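# Observations on the model geometry
Each chain, letter by letter, is given below.
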Amino acid sequence: MRRKAIELAAVATAAVPGLTPTAVSSAPDDPADFDSALLLDSEGKRWRVRSPRHAEASARLETEFLVLRAFAPAIRAELPFLMPTVAGSVRLGSLSTFVYSHLGGITRSVEEMTAGPDSLAREIGAALAAIHDLPRAIVSNADLPSYTPNEFRQRRLNELDQAATTGKIPPALLLRWEHALEDVSLWRFNPSVVHGDLHEDNLLVEGPRVTAVTGWTDLRIGDPADDFAWLVASNEQDFVDAVLDAYTTARRDKPDKHLLRRAALSAEFALAQYLVKGIAAGDATMVAEAEEMLATLASDIAEHGGQPISVEPLPSAAAAAVTGAAAPAAPSSGAQAAGSGAGPGMRAADGGAPVPVPPVTVLPVPAVQPAVHVTPLPADPAPAPAPAGGEGGAGAGSGTGEGTKTNSPDVPGGPDDTSTAALTIVDVHKN
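Bear in mind the structure is a predicted one, so any value in this text is a computation, not a measurement. Numbering of residues begins from 1 in every chain and follows the order in which that chain's sequence is written. Reporting of local features is limited, given that this is a predicted model, to residues whose pLDDT is at least 70; pairs of side-chain atoms are given and counted only at 80 or more, and all residues count toward the totals for whole chains, interfaces and linings. Hydrogens and waters are ignored; side-chain quantities use all the structure's heavy atoms.

## Comments concerning the overall build of the chain
Put simply, the rule reads: Helical segments are the DSSP runs of H or I of at least four residues, strand segments are the runs of E of at least two, and each set is numbered from the N terminus. For each residue, the accessible area found with a 1.4 Å probe, counting protein chains only, is set against the maximum for its type, and the residue is called buried under 20%, exposed over 50%, and partly exposed in between. In this description, contact between two residues means that some pair of their heavy atoms is separated by no more than 4.5 Å. Computed with a 1.4 Å probe, the accessible areas rest on the Shrake-Rupley method; for each residue, only the protein chains presented here act as cover.
Broken down by element type, the chain carries 14 helices and 12 strands. When each of the 431 residues of the chain is scored for burial, the buried share is 53%. Pairs at least 24 residues apart make up 69% of the contacts formed inside the chain by residues separated by at least 6 positions. Carbon and sulfur atoms make up 55% of the accessible area of the chain, which totals about 18500 Å².

## Topic: unusual backbone geometry
Of note, the phi angle at D143 is positive, near 60°, even though the residue is not glycine. Relative to the elements of secondary structure, D143 occurs in the loop between α6 (137-141) and α7 (149-164). Since its relative accessible area comes to 70%, D143 is described here as exposed. Positive phi values are uncommon outside glycine, yet N235 reaches one of about 60°.

## Regarding the nonpolar core
For clarity, the threshold we go by: Residue types Ala, Val, Leu, Ile, Met, Phe, Trp, Tyr and Cys, when buried and joined through side-chain atoms within 4.5 Å, form a set referred to as a nonpolar core.
Judged by nonpolar contacts, the single largest core of 78 residues is most densely connected at I124, W177 and W216. Residue contacts for I124: discarding those within four places in its chain leaves M113, L203, V210, W230, L231, F239 and V243. Of all hydrophobic cores here, the second largest spans 15 residues; its members include L8, V11, W47 and V90.

## Topic: the side chain of D183
Using the following cut-off: Within 3.5 Å is the distance limit for a polar contact, defined as a pair of N or O atoms, with the added protein rule that one can donate a hydrogen and the other accept it, and that residues adjacent in sequence qualify only through two side-chain atoms.
By secondary structure assignment, the location of D183 is in the loop between α8 (171-182) and β6 (192-194). Side-chain polar atoms of D183 contact the backbone nitrogen of E312, separated by 2.8 Å. Apart from residues lying up to four places away in sequence, D183 is in contact with S310, V311 and E312.

## Considering the confidence of the model for the chain
Put simply, the rule is: The quantity known as pLDDT measures the predictor's confidence residue by residue, on a range of 0 to 100.
Counting all residues, the mean pLDDT for the chain is 78, and 72% of those residues have values of 70 or more. Within the chain, no element has a lower average pLDDT than helix α14 (residues 390-399), which sits at 37, and none a higher one than β6, at 97. Every residue in residues 325-375 scores below 50 in pLDDT, and together they form 123 contacts with partners more than four places removed in sequence or on other chains. Here residues 381-431 scores under 50 on pLDDT; set against residues more than four positions off or in separate chains, the count is 78 contacts.

## Points about the packing of aromatic side chains
Under the convention used in this document: The criterion for an aromatic pair is that two Phe, Tyr or Trp rings (for Trp, the six-membered ring) have centres within 6.5 Å, with stacked assigned to planes under 30 degrees apart, edge-to-face to planes over 60 apart and tilted to the rest.
Applying the stated criterion across every chain yields a total of eight aromatic pairs. Ring geometry for F98 and Y100: centres 6.4 Å apart, planes at 35°, overall tilted. Each member of the pair, F98 as well as Y100, is classed as buried. For the pair F152 and W187, a centre-to-centre distance of 6.2 Å together with 40° between the ring planes defines the contact as tilted. Of this pair, F152 sits in helix α7 while W187 is found in the loop between α8 and β6, placing the two residues 35 residues apart along the sequence. For the pair formed by F152 and W187, the shared burial category is buried.

## Here we look at a negative patch on the surface
Counted only if it meets this: Residues enter a patch when their relative accessible area is above 30% and they make no salt bridge; the linking distance is 9 Å between like charges and 5 Å between nonpolar side chains (Val, Leu, Ile, Met, Phe, Trp, Tyr). Whenever Lys or Arg places a side-chain nitrogen within 4 Å of a carboxyl oxygen from Asp or Glu, that contact is recorded as a salt bridge. For the purpose of counting charges, residues Lys and Arg are taken to be positive, whereas Asp and Glu are taken to be negative. His and the chain ends are not included. In this description, the location of a charge corresponds to atom NZ of lysine, CZ of arginine, CG of aspartate or CD of glutamate.
On the surface, a cluster of negative charge is made up of E111, E112, E236, D238, D241 and D245. Those elements that provide at least two residues to the negative patch are α4 (110-114) and α10 (237-250). The leading source of residues in the negative patch is α10, at three residues. Assignment of secondary structure puts E111 in helix α4. Residue classification places E111 among the exposed residues on the basis of a relative accessible area of 57%.

## With respect to the pairing of strand β8 (residues 209-213)
Basically, it comes down to this: Pairing between strands requires that DSSP locate at least two bridges from one strand to the other.
Along β8, four of the five residues are buried, which leaves the element largely enclosed by surrounding structure. Bridge count between strand β7 (residues 203-206) and β8: four bridges; the pairing is antiparallel. Bridging from a neighbouring strand, L203 pairs with V213 of β8. Where β7 folds back on β8, the antiparallel hairpin that results is connected by two residues, among which G207 adopts a positive phi of roughly 65°.

## Description of the pairing of strand β2 (residues 34-41)
Counting buried positions along β2 yields seven of eight residues, so the element is predominantly enclosed. Across seven bridges, the pairing between β2 and strand β3 (residues 46-52) is antiparallel. Bridging from a neighbouring strand, L40 pairs with R46 of β3. Connecting β2 to the next strand, β3, in antiparallel fashion are four residues, including G44 with a positive phi near 85°.

## Focus on the environment of V184
Here V184 lies in the loop between α8 and β6. Residue class for V184 comes out partly exposed when judged on its relative accessible area of 45%.

## Some details on helix α5 (residues 118-132)
For the record, the criterion: One less than the number of residues in a helix, times 1.5 Å, gives the span that helix is expected to have.
In a regular helix each residue adds 1.5 Å, so 15 residues correspond to 21 Å; α5 covers 22 Å between its end C-alpha atoms and thus fits that length. Of the residues making up α5, those classed as buried are L120, A121, I124, G125, A127, L128, A129, A130, I131 and H132. The inward-facing, buried residues of α5 abut α4, β6, β7, β8, α9 (229-232) and α10.

## Re the environment of P308
Positionally, P308 belongs in the loop between α12 (284-304) and α13 (316-323). On a C-alpha basis, the gap between P308 and R262 in space is 9.3 Å, while along the polypeptide they are 46 residues apart.

## Section: the pattern of salt bridges
What the rule picks out here adds up to 14 salt bridges. A salt bridge links R156 to E159; the shortest N-O distance between them is 3.1 Å. Pair noted here: R156 and E159 are both in helix α7, with a separation of three residues, about one helical turn. For the pair R156 and E159, one class covers both residues: buried. Three or more residues joined by partner-sharing salt bridges are found here, namely D33, R60, D197, D218 and K277.

Encoded structure:
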């Protein structure tokens, strides 16, 4: 059951005693898994509420709670961005809803990010490097998953087998992905701490800066390429290269040369995962949407050749089946058989030969519009703890519906304080 923003505001008052919302707006999130809202309280403090839509999503939020507790203040202080702090939670039936202290910054679409300044690309690269350089003890102490390269590859092969049983994956895609997963040379990488659910809605930015990273529900030790999938899917190669350059400079360990190939595979395979998820949930809309995106991806690859994934080229007959062409696969470069060369962009494969990059959109979850509708909450008939009335609180909410930018997110005490000490602004024991 989907919860409206005003319902989430009521739930938040049960999770955080003393919280008095005066305005509420919707917030971007993964729509298949969570309902989210931003709240403004009577003291000018803002909060974020995340409510799961099913048991698996609730388990992810509970895992995130453990993850956030594992980030000691000393570790947080070394990160170039802020992280959420859980203010309270409430269990409704079998599902747990969490309330977080609000973090400064706003979400931007991939298109807005790639059109932004070069400094934003450097910030994203530095943020990714900081995540991947986190101590592995954070993951192991929280008893979270840890995979070697081969274990990760085998896990993805098992997922591919499961997706194939649906009968809804185009055969050319199954062949393309299977070949990449069996190409052992592609899977030689050093595992690292991985965010696991990184995309534009989990990055908060303010101008050219990344102010915060959210959505820590899938932290694990695994393939760092997974955190690049959303970038590779944008097909903005200059932006991706700028992020990768900053990432390579900032990381303690040099990234492997096939990172972007595996990121492209992860971006494509996310559609199959979305399909399986929709079938498991019995959501016909999700299934139809996934089938449409898979068909579009298969068509684009047949026409243009697709982004390079495998290091070893497909056999000629198999390559022709993937690209839809009768000609043999392109030799020597390690890329898949190329299309006509009329693709909208070119990039260099590892061997140096250019291969076309088609405009293939492979992000599985439909983009969610940022919060634009702010609902003022009716004033409590009892005396309000803040001097402003219900309309005053709504006015403040309306003024910040697009996200009030923090002048100095590192200085605690202001109304937009985003530090881990920001919760002291609200007296949660206040009657």
